[in-house]
Amino acid sequence: MIIRKYPEIALAIPQILLPKPGIDLTRWAVIACDQHTSEPEYWEQVERFVGDSPSTLHLIYPEVYLKEKDPEARIRRIRESMRRYLEAELFEAHEGLVFVERQVASGMRGGLLLCLDLEQYDFHPGARTLIRATEGTILERIPPRVKIREGAPLELPHVLVLIDDPEDRVIGPLRSLVNGDKPGLKKLYDFDLMLNSGHVRGWLIADEKIEARIVENLKSLAQPERFASRYQVPSSTPILLYAVGDGNHSLATAKTIWEKKKQTLQENASFSDSPLRYALVEVVNLHDPALLFEPIHRVLFELNPEVNLFEEIKAFFHHEVRITACSSLSEIKERLKTLPASVHGFGLVAEEKTYLVEILSPPSTLPVGTLQTFLDEFLKQNKAGQIDYVHGEETLVRLACQSGNAGFYLPAMNKNHLFKTVIVEGVLPRKTFSMGEAWEKRFYLEARRLS
């Protein structure tokens, strides 16, 4: 259900569902489904911890299991769990925006839970909409997700969307309000997340004046004159207000389903009010001090034993390459800091050894794009069985050192360059950055009815 709409900024005020008091929220809330995709042992640990307790684990499809023999059976179990939870009246409804504070390694990250209008979102390259992807969308990842979401009675969000608000006028004032126990804010939850993943707490914004101020400050960010001045672009440049940071494939799935659904609707009240037109997301300020951009590393699995990875890299980049053995990833990280801008570098972990790879004539704007051009062609020629995108150096090294694997370490990008780069150059290469480490991702907690 949508309570109010602000179409000029693609914003809608939702009715959200939360578990009723008495349900163990630490067991209820589960990390985003696209995390730990090469670590089934993580999800096995989650299953043991949750046990028979009500949990979003039963309402989502962890992507580590996407290649199991009978995915349709899991999808049926998910739908049945959703129906069972609704029939058992496990939820209570709350109407309004929700201010979220999430403890991460670098501090307390603030966010605002709301609905965005999918009519104003486009994930394709060259998009000129108010809401855009920041990274390339892997189209083959959408159909499996459509099967999961299409026809589901509930949505549970793990999408994090960024706004570029250097003065922190949208979310910042809410911190002082909750600390002062403002009457217009109602605490909804306050608990530890499972498996040492920090703490989360949330407040319902029940004061219409607070909501109005948030809306006005968002509108201010979308003023054409301010937008053109901030990014030094022509005044006719289409405005980017919301940049999808995490969960773009989930948002793209919601968009795909909406595009299909709206063909059956007339552009009248049913078109505007359809719950499928909107998606529940958490908005975070790019300039939040607790928001860090971490790199996303690559791991190749099942390397062809007849292939020499080093020679393949040299040949692909026309021998404009320098590969140097290093003592550790720490040495690679230090050496990457000293590379000139004209040279792209990344670390390579293979056979329990580490190397610095320097591409002297890079074909892309960013190191991640340069590396990805090689990896795409390498996989296209079936020289490795599969690739995964992983968070954290420990996971990278552990997986890369397994027999038949190789890992690639990438440096982090500067988050302050994100909006300007997307506005001027378009989407970044896929899996360019991560908003924090894997354990700092958004957990499924709140829900919204789709039918």
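Use the structure listed above.
Being a predicted model, the structure only gives us computed values, none of them experimental.

(A) Local environment of the overall build of the protein chain. Scanning the protein chain from terminus to terminus reveals 14 helices and 24 strands. Against the compact-globule benchmark of 22 Å for 451 residues, the protein chain has a radius of gyration of 22 Å, which places it among compact chains. Across its three principal axes, the protein chain shows a C-alpha extent of roughly 60 × 55 × 45 Å. When burial is assessed residue by residue, the protein chain has 57% of its 451 residues classed as buried. Of the contacts formed within the protein chain by residues at least 6 apart in sequence, a portion of 77% connects residues at least 24 apart. Counting every atom, the protein chain has about 19600 Å² of accessible surface; 49% of that belongs to carbon and sulfur. Counting 55 positive and 63 negative side-chain charges, the protein chain places the averaged centre of each group 3 Å from the other.

(B) Geometry of the layout of surface pockets. Size it by volume and the largest pocket reaches roughly 910 Å³. Lining the largest pocket are 31 residues, and of these Lys-67, Arg-141, Gln-386, Ile-387 and Asp-388 sit closest to its centre. Counting residues per element, the ones that place at least two in the lining of the largest pocket are α4 (142-149), α12 (367-380) and β20 (386-390). The dominant element in the lining of the largest pocket, judged by the number of residues it contributes, is β20, at five residues. Class assignment for the residues of the lining of the largest pocket results in twelve nonpolar, seven polar and twelve charged. Estimated volume of the second largest pocket: approximately 570 Å³. Every residue lining the second largest pocket is counted, 24 residues in all, and those nearest its centre are His-344, Thr-365, Leu-366, Pro-367 and Met-413. Taken together, the elements giving at least two residues each to the lining of the second largest pocket come down to β18 (344-350), α12 and α14 (418-425). Split by residue class, the lining of the second largest pocket holds 14 nonpolar, nine polar and one charged.

(C) Quick peek at the pattern of salt bridges. Enumeration over the complete set of coordinates arrives at 34 salt bridges. With its nearest N and O atoms 2.6 Å apart, the salt bridge here joins Asp-376 to Arg-430. Within this pair, whereas Asp-376 is found in helix α12, its partner Arg-430 is found in the loop between α14 and β22 (433-435), the two being separated by 54 residues in sequence. Given the relative accessible area of 30%, Asp-376 is considered partly exposed. Two residues, Glu-446 and Arg-442, come together in a salt bridge whose shortest N-O distance is 3.0 Å. In this structure, Glu-446 and Arg-442 share a single accessibility class: buried. Via salt bridges that share partners, Glu-101, Arg-175, Arg-201 and Asp-288 belong to a single interconnected network.

(D) Just α4, in detail. Buried within α4 are the following residues: Ile-142, Arg-145, Val-146, Ile-148 and Arg-149. Buried residues along α4 cover an arc of 160° about the axis, so they all sit on one side. In this structure, the buried residues of α4 make contact with α3 (71-87), β9 (154-155), α8 (248-262) and β14 (278-285). Of the residues trailing α4, Gly-151 is marked for its positive phi of about 85°.

Conventions we followed
- Residues numbered from 1 in each chain as written.
- Predicted model: local features only at pLDDT ≥ 70, side-chain atom pairs only at ≥ 80, totals over all residues.
- Heavy atoms only, no water.
- Helix = DSSP H or I, 4+ residues; strand = E, 2+ residues; numbered from the N terminus.
- Rg over C-alpha atoms; globule rule 2.2 N^0.38 Å.
- Buried < 20%, exposed > 50% of the residue type's maximum accessible area, 1.4 Å probe, protein only.
- Contact = heavy atoms within 4.5 Å.
- Areas by Shrake-Rupley, 256 points an atom, 1.4 Å probe, with all protein chains shown as cover.
- Lys, Arg positive; Asp, Glu negative; His and termini not counted.
- Charge placed at Lys NZ, Arg CZ, Asp CG, Glu CD.
- 1 Å grid on protein atoms, 1.4 Å probe; cavity = no way out; pocket = protein on both sides within 12 Å on 5 of 7 lines; lining within 4 Å.
- Points joined across faces, edges and corners; volume = space filled by probe spheres on them.
- Nonpolar A, V, L, I, M, F, W, Y, C, P; charged D, E, K, R; others polar.
- Salt bridge = Lys/Arg side-chain N within 4 Å of Asp/Glu carboxyl O.
- Arc of directions from axis to C-beta.

Keep in mind that these numbers describe shape and distance, not what the molecule does.
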